[in-house]
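Topology and contacts: notes
Residues per chain, in single letters:
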Amino acid sequence: MSIYILLALAAAVLLLRATWRRPGLERRRDTLRRHYVARIISALRDDDTFAAERITAHTRRRRMALAEALHTVACHTCGTDMRLLRIIARLNSIDRFLMRGAALATGYRRARYLILLGSVPPTAAQARRLGRYLRNRNPFVRIYALTAMLAANPATAIRTIGEYPYTLSPFDITQITAMIRRGLLPIAFDPMLSDDNPNIRRLGLAIVRSFGIDTARKQIVRMAELDEDPAVAVEALHTLAALGHAIPTERLRGRIAAFDAQRRKALSRFFAAQGYSIHTVEALFDATECECARQLIDSYKKSIVCRSPSLP
Amino acid sequence: MQIAVTAVMILLAAVAAAAAVRAIAVSRTAEWMEMVAIGATDSCESAGYVGCSVVCSGVENMQQIESLLDVEYDRYETIVVLDARVSSETARVLVDRYDLIRVDAVPSDEFPSARIRTLFRSRSRSLRRLTLVDRAGTSPYDDLDAGASVASYDYILPVGADTYLMPNAIEKAVITIASAVPDDIDLMYSVSDDECYIFRRDTLIAQGGFTRHVLRGIPPHRIRRTMVPIVYRTTSGRRIKFVTRITIFPIIITLLAIETVTAGAHLAAATAATAVLLAANAAYARTALGRYNCFEKSVLCYIGRIFAIFGKRKFTIS
């Protein structure tokens, strides 16, 4: 019984210590990160290599704060010249620090190191070592290992994604699209849309949607009509609707009819929310599926034309 | 006597083990939240068309409505359900402030109890995410049905009075939903101090709308539990803080004194150590997950959750 009491009290003390220390640690980390962000922004603003070289981090805590600061700057300054950021990362061995951290950590902590590696790309040789995380149990570790590998070697991005052994979730696709938007990967949507790999086709559709590429309409309609993977076809329909393109209802009605009821209904509501007329929705879906869409459309349309505020 | 002491010791050990498991889960959730804070920088962009409609019933506070509208995520809307004949002042203020106009409200038969008197949407494009539903107030569940029937998105978060969203709550919920296999989650259940549920709209229709027993028909494998706090409530926290301070601690001390007399000092010490561990656990959870509520409420919620194991969970708002 005494052992139990001691163990319970020891566990309680550990938890209380973690509780008391946590706010202070977070505050210090935020302060350090803000300090580094300010110095990096200053170096970037003046394009001052000398100032960048003077940004140093020698302890583990400082390196982590610097890595987070580099990530913050890379994420929030689209089209920034990455040269200075790479100089800062190389001088402080941030990539090696993050690689070692990812190897020693587990779970979401490992994923966190891998996120930061995406902004401080490792060398191609180091990136190959990240390949083992692509089969990790944790989906966040997998996707962030993939993004780090893509950032390390953008030229082989399509091949790397093609070798990814799992289906990319919508969140995964958003993360890769965010990298493309930051200029870390090329916007090569055309070959992606005709690729054999459904992951790559879905990513291609996400790029089209994210950048509003109108020229891809014909390809998207073809994918919505003929793609062998229903998930890709649904994504293509979503993309068509998100871009506000004219919908070739005759060609797509048959394909939509092959989807399960839940998916059809979700699609009809999506079309309605995107502002399509009830005629378009009725041409694509059955009467029962149109009912909810009709309700949405009616209420939205009225708000455009009605000008008189009223209360009961 | 020896058997009873052994049984109590086993029970205490089980509680301590559960506390340890919970501390690990809290730690993992805190790591997840830190990872999301760093990683999901483009959180305002919709992930996989996952959209969320917040449906509020019994809301009178304008500050709360403004807070619910203050979400960066793009596929998001707030639906306020009230009885404009009873809460006429709130309705009038809402209509004036957000430039709302009456629009067509064709009732659908998806939610049978959703009888809508009038539907209002904003004329301003930037405020399209606010919808006001005016209906005769019958029960909060019917209010929620009415809100869900006009919702544009596939996931519904029901909230009641004095309920606020935690920072980036919708983004976190969407990341949880969008990182799973599409259409794989029927219900997201936030097991925080102020627990809340995010329902898939089709699941609600299949269950016949909101009721006290809506949770019973959802298969456990389609429920995603998370310790990430999504909402927090303000008034209940203050009330519980006062009540608990007066009652809980004297009760615990009395129980320990009785246990010392009847079962001996050792067992009472073991019980006290377990209680300290539970309290430390609640304090850790509160710090790590950024709860907005008082410590006592965390403890009470924790105790409530232990008792919830023995009965079927009922859905209540606020």
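It should be noted that the structure appears before, not after, this text.
So, a few notes on the structure that sits alongside this text. (Residues numbered from 1 in each chain as written. Chains lettered and ligands numbered in written order. Predicted model: local features only at pLDDT ≥ 70, side-chain atom pairs only at ≥ 80, totals over all residues.)

Side note on the overall build of chain B
Looking only at helices and strands, one finds nine helices and 11 strands in chain B. When burial is assessed residue by residue, chain B has 45% of its 318 residues classed as buried. Relative to all contacts within chain B whose residues are 6 or more apart in sequence, the contacts with residues 24 or more apart total 75%. (Helix = DSSP H or I, 4+ residues; strand = E, 2+ residues; numbered from the N terminus. Buried ≥ 20, exposed ≤ 12 C-beta atoms within 10 Å, placed from the backbone. Contact = placed C-beta atoms within 7 Å.)

Thoughts on the overall build of chain A
Scanning chain A for helices and strands turns up 18 helices and zero strands. At 25 Å, chain A has a C-alpha radius of gyration far larger than the 20 Å of a compact globule built from 312 residues. Scored against the burial criterion, the 312 residues of chain A give a buried share of 44%. Sequence separation of at least 24 residues holds for 65% of the intrachain contacts in chain A that already meet a minimum separation of 6. (Rg over C-alpha atoms; globule rule 2.2 N^0.38 Å.)

Re the packing of helix H6 (residues 107-119) of chain A against helix H1 (residues 2-39) of chain B
Relative orientation of the contacting elements H6 of chain A and H1 of chain B amounts to 15°, with a least axis distance of 8 Å. What the angle tells us is that H6 of chain A and H1 of chain B run roughly parallel. Once H6 of chain A is placed against H1 of chain B, the crossing between them reads as left-handed. Of the residues in H1 of chain B, those touching H6 of chain A at Gly-107, Tyr-108, Arg-109, Ala-111, Arg-112 and Ile-115 of chain A are Arg-28, Glu-31, Trp-32, Glu-34, Met-35, Ile-38 and Gly-39 of chain B. Of the residues assigned to the contact of H6 of chain A with H1 of chain B, the class counts are six nonpolar, two polar and five charged. (Axes fitted to C-alpha atoms, helices over the stretch in contact; angles between N-to-C directions. Parallel < 35°, antiparallel > 145°, perpendicular 65-115°, else oblique. Left-handed = near helix turned anticlockwise from the far one by under 90°. Nonpolar A, V, L, I, M, F, W, Y, C, P; charged D, E, K, R; others polar.)

Description of the interface of chain B and chain A
Each side of the interface is counted separately: chain B has 60 residues, and chain A has 49 residues. Only H1, helix H3 (88-97), strand S3 (100-103), strand S4 (118-122), helix H5 (169-178) and helix H8 (265-289) of chain B provide two or more residues apiece to the side of chain B that touches chain A. A per-element tally of the side of chain B that touches chain A places H8 of chain B first, with 13 residues.

Here we look at the pairing of strand S9 (residues 196-200) of chain B
Residues and elements named next belong to chain B. Counting buried positions along S9 gives five out of five residues, so the element sits mostly inside the fold. Residues Cys-196, Ile-198 and Arg-200 of S9 are buried on one face, and the alternating residues Tyr-197 and Phe-199, pointing to the opposite face, are buried as well. Two elements, strand S6 (residues 155-159) and S9, share two bridges in a ladder whose sense is antiparallel. Of the residues in S9, the one forming a bridge with Ile-156 is Phe-199. The sheet contact formed by strand S8 (residues 187-190) and S9 spans four bridges and is antiparallel. Counterpart to Leu-187 in the pairing with S9 is Phe-199. Joining the antiparallel neighbours S8 and S9 is a turn of five residues. (Pairing = 2+ DSSP bridges.)

Remarks on unusual backbone geometry
Even without being glycine, Asp-47 of chain A reaches a positive phi, approximately 50°. If you check the backbone angles, Asp-162 of chain B has positive phi at about 55° while not being a glycine. Along the chain, Asp-162 of chain B falls in the loop between S6 and strand S7 (163-165).

Details of the sheet that holds S9 of chain B
All names here are of chain B. As summarised here, the arrangement of the nine strands in space is S3-S4-S5-S2-S1-S6-S9-S8-S10, forming an open sheet in which the pairing is mixed. Looking at the sheet topology across the chains shown, the edges are occupied by S3 and strand S10 (223-226). The average undirected angle you get between the axes of adjacent strands in this sheet is 25°. The pairing of strand S2 (residues 76-82) with strand S5 (residues 130-134) spans five bridges and is classified as parallel. For Val-80, the partnering residue across the bridge sits in S5 and is Leu-132. Relative to the sheet, helix H2 (residues 62-69) contacts strand S1 (52-57), S2 and S5, its axis offset from that of S2 by approximately 155°. Against the sheet, H3 touches S2, S3, S4 and S5, its axis set at about 145° to S2.

Topic: the nonpolar core
The biggest cluster of nonpolar side chains holds 163 residues, and the ones touching the most others in it are Leu-70, Leu-98, Leu-114 and Ala-148 of chain A together with Cys-52, Val-80 and Val-174 of chain B. Of all the elements, helix H8 (residues 139-152) of chain A adds the most residues to this core, at 11 residues. If near-sequence neighbours (up to four positions away) are discounted, Ala-148 of chain A is found in contact with Leu-114, Leu-117, Gly-118, Pro-122, Ala-127 and Leu-130 of chain A. Formed by 20 residues, the second largest nonpolar core is a distinct cluster that contains Leu-15 of chain A together with Leu-12, Ala-285 and Ala-288 of chain B. (Core = buried A, V, L, I, M, F, W, Y, C linked by C-beta atoms within 7 Å.)

Function cannot be read off these values alone, since they describe shape.
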